[in-house]
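What follows is the residue order along each chain.
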Amino acid sequence: MYYWDNLAQNVVKNNPVWVQLLGLCPLLAVSNTLANALALAGASAFVLISSNTLISILKSHIPNFIRLPCFVLIISTFTTIAVLLLEAFAFELYLQIALFIQIIVTNCAILERAESFASKNSILASFFDALGTSIGFAIAIITLGLVREILGRGTLLENLNLLLGQPNISYTIVFFESPPISLANFPPGAFIVAGLLLALAKTCFSKKI
Amino acid sequence: MIKAITAVFLLGLGVSFFLSLTNHYTQDKIAKNKILHQSQILRKLLMDHQIEIPEPADPTASDCSNWIIRKIESPGYSGNIESLGLVQFRKEGAVLSLRIINHSETPGIGDFIDHRKNSWIKKLDNKTKQEWSAIDMVSGATITSKAVRTIAMISFESEGGQCVLLG
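Residues numbered from 1 in each chain as written. Chains lettered and ligands numbered in written order. Predicted model: local features only at pLDDT ≥ 70, side-chain atom pairs only at ≥ 80, totals over all residues. Heavy atoms only, no water.

(A) View of the confidence of the model for chain B. With 86% of its residues at a pLDDT of at least 70, chain B reaches an overall mean of 81. Interface confidence for the predicted complex, given as ipTM, is 0.71, next to a pTM of 0.78. (pLDDT = per-residue confidence, 0-100.)

Structure, rendered in structure tokens:
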């Protein structure tokens, strides 16, 4: 039960994005379409879960004063693996978001979980902690991607075919012929939309927290 | 101290083993993807110019008399910019159409050269050497713009090229 409580806590009460405000750099950069957001959420989850589990396995062998370089080494390894896998199995999508998948290394949500949880807790607990954080991050980036794609492009699920490796089938749903607020598609729009969603999340959850 | 160095060293060995394993299993697929991607761009480029696509198995099907394909690389702002150039020889002189295959220019600033993201490079289709040498620099992306101009100049000057499908 402890594991599930911890997981649920990381999704809502300790949400890495809306509560702790971590990992905003890749979040804002890639969330312009829902498909990109899904790909980044998947890659981040892969890196977060595998690096947290590995760090937890190795925690007693890593000397305390050199732990951060070791964590970064492990995280960057899994990021590179994620990039290679993406390049091999979803090449079209890789061409679009490769640079942003690479900056998962700098996602402080991952290093924060490694430092404050995985290096002190058991393997199973770290796994569930990472799973919870990944789900929390995924919910945040998918919400942002959803809102930004509808506002900034007027479509939904554009490029999903690239994510699924079927370049010839289109899943795009068109909401508006011309984008209602094309600013949302660009970096400044990302900050504005993220700020508004943050305010919304604060209003909705402030009483419960 | 020695304990720390050994730990980092062993960890480094461990992660490089993982990395080389992944690389071993993905490199063939990645190489195949790159060739496929390149030939798709080439097919599209030839179709856009109403050129009949020659069969890869039969290199004699098309003579190199009125068009050639050149693959040019030039350093951009970050890493090399790889491109395919279609040079057509017309009565008024040689004209060039470029497509970028691979680049790692800054997203949102330098990636306007990518025809999938911006129609800029398509607007420069069928331009002569003189027109290519006078293309405008994009502010904030001067190095990228210059690299494209360099690629265009090399495409006009270099010898060789081919009129069969690559890969």
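(B) Representation of the interface of chain B and chain A. On the side of chain A, 22 residues touch chain B, which itself brings 22 residues to the contact. Interface area, chain B with chain A, both sides summed: about 2000 Å², of which 81% is carbon and sulfur. Counting across the interface, chain B meets chain A through 1 salt bridge. The closest approach of N and O atoms between E87 of chain A and K34 of chain B, which form a salt bridge, is 3.6 Å. Taken together, the connections running from chain B to chain A amount to 2 residue pairs in polar contact (both at pLDDT 80 or more). Considered class by class, the residues forming the side of chain B that touches chain A number 9 nonpolar, 7 polar and 6 charged. (Contact = heavy atoms within 4.5 Å. Buried area = accessible area lost by both parts, 1.4 Å probe. Salt bridge = Lys/Arg side-chain N within 4 Å of Asp/Glu carboxyl O. Polar contact = N/O pair within 3.5 Å; in protein donor to acceptor, adjacent residues only side chain to side chain. Nonpolar A, V, L, I, M, F, W, Y, C, P; charged D, E, K, R; others polar.)

(C) Quick look at empty space enclosed by the protein. Within this structure, the stated rule accounts for 1 cavity of 30 Å³ or more. Put simply, the largest cavity is a space of about 50 Å³. For the lining of the largest cavity, a count of residues per class yields 6 nonpolar, 4 polar and no charged. (1 Å grid on protein atoms, 1.4 Å probe; cavity = no way out; pocket = protein on both sides within 12 Å on 5 of 7 lines; lining within 4 Å. Points joined across faces, edges and corners; volume = space filled by probe spheres on them.)

(D) Highlighting the pairing of strand β2 (residues 80-90) of chain B. Residues and elements named next belong to chain B. Burial analysis of β2 places 8 of its 11 residues in the buried class, which makes it a mostly covered element. Relative to β2, strand β1 (residues 67-75) is paired through 9 bridges, and the arrangement is antiparallel. Among the inter-strand pairings, I68 is bridged to a residue of β2, identified as V87. Between β1 and β2, which pair antiparallel in sequence order, lie 4 residues; one of them, G79, sits at a positive phi of approximately 80°. Pairing between β2 and strand β3 (residues 93-102): 9 bridges, direction antiparallel. Residue pairing across strands places S83 opposite I100, the latter belonging to β3. Connecting β2 to the next strand, β3, in antiparallel fashion are 2 residues. (Buried < 20%, exposed > 50% of the residue type's maximum accessible area, 1.4 Å probe, protein only. Helix = DSSP H or I, 4+ residues; strand = E, 2+ residues; numbered from the N terminus. Pairing = 2+ DSSP bridges.)

(E) Here's a closer look at the sheet that holds β3 of chain B. Residue and element names in this part refer to chain B. On the basis of which strands lie adjacent, the open sheet formed by 4 strands has the order β1-β2-β3-β4 and antiparallel pairing. Each having just a single partner strand, β1 and β4 (127-128) make up the two edges of the open sheet. Together, β1, β2 and β3 form the strand contacts of helix α1 (residues 2-48), whose direction differs from that of β3 by roughly 145°. (Axes fitted to C-alpha atoms, helices over the stretch in contact; angles between N-to-C directions.)

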